[in-house]
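Each chain, written out:
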Amino acid sequence: VLAIIGASFAAGVTITYLTPSRYTATVQIQIDRSQKNVTNVEGLQSLAADRDLEFYETQYNLLKAKTLAQRVARSLQLGQSDEFYAAHGVKRTQGAAKSGLSADERAAKLLLGAITVTPIKNSRLVNVRYTCRSATMAARIANAWAQQFIAANLDREFSSTADARTFLEGRLATLKGNVERSEREAALYA
């Protein structure tokens, strides 16, 4: 009995010392639903404000999206970082030729495998956790993940604002043409 206990203890200590340490960095993000309808034009914004569940599910999926992982990989230049690959226990050149993926795509794939998105129940907060073998790399990536998520949302908002502006400019040009035509017809009638 003592031999079995001793062997189990020795095996446990050996496994503990041989297993590389894993570090997890957590970033907490608040997701707010912005309701801006400065144009008051139907069709540009959703009329239903009760679609919160869909909105938040969409945001959670955007947090786990491949495009966000690629943004993070590009912003930190992880595809060329030996430190990043070492933090995941792989070599930068390992499997590169066989996979057919670019360096940023390979880095994004590793990122997606190590990221966890957990919504906090009954709140607008989301925990984003990143786990790897390097504490500093985990912190850098978790922070970059939050920053790139915010930047992507701002890009989408700017794009929708630009689309609304284009729509309104086109509508204004049409209305201006209608007014000019009506003024000509009124002058001819007079």
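Note: the structure precedes this text.
Quick look at the structure, then. Just so you know, these numbers come straight off a predicted model, no measurement behind them.

This paragraph deals with the sheet that holds strand β2 (residues 115-119). Taking strand neighbours across the sheet as the criterion, the 3 strands line up as β1-β3-β2 in an open arrangement whose pairing is antiparallel. Only two strands of the sheet have a single neighbouring strand rather than two, namely β1 (23-30) and β2. Ignoring strand direction, the axes of neighbouring strands in this sheet form an average angle of 20 degrees. Pairing of β2 with strand β3 (residues 125-132) involves 5 bridges; the strand directions are antiparallel. What sits directly across from P119, in β3, is V126.

As a further point, take the packing of helix α3 (residues 66-76) against helix α7 (residues 135-189). What describes two packed helices is the angle between their axes and the distance between those same axes. In contact at an axis separation of 9 Å, α3 and α7 are set at 115 degrees when each is read in the N-to-C sense. Relative to α7, α3 is oriented so that their crossing is right-handed. Within the contact between the two elements, α3 uses L68, A69, R71, V72, S75 and L76 and α7 uses R140, I141, A144, W145, Q148, F149, A151, A152 and D155. Of the residues belonging to the contact of α3 with α7, the class tally is 10 nonpolar, 2 polar and 3 charged.

Here we take up the side chain of S134. Topologically, S134 is positioned in the loop between β3 and α7. Among the polar contacts listed, one links the side chain of S134 to the backbone nitrogen of M137, at a separation of 3.2 Å. Aside from chain neighbours lying at most four places away, what touches S134 is Y23, E83 and A87.

This part covers the environment of L62. With respect to the secondary-structure elements, L62 resides in helix α2 (residues 52-63). Spatially, the C-alpha atom of L62 lies 9.4 Å from that of A152, the residues being 90 residues apart in sequence. Non-local contacts of L62, meaning those with residues more than four positions away in its chain, are made with L68, F149 and R156.

The rules behind these values
- Residues numbered from 1 in each chain as written.
- Predicted model: local features only at pLDDT ≥ 70, side-chain atom pairs only at ≥ 80, totals over all residues.
- Heavy atoms only, no water.
- Pairing = 2+ DSSP bridges.
- Helix = DSSP H or I, 4+ residues; strand = E, 2+ residues; numbered from the N terminus.
- Axes fitted to C-alpha atoms, helices over the stretch in contact; angles between N-to-C directions.
- Left-handed = near helix turned anticlockwise from the far one by under 90°.
- Contact = heavy atoms within 4.5 Å.
- Nonpolar A, V, L, I, M, F, W, Y, C, P; charged D, E, K, R; others polar.
- Polar contact = N/O pair within 3.5 Å; in protein donor to acceptor, adjacent residues only side chain to side chain.

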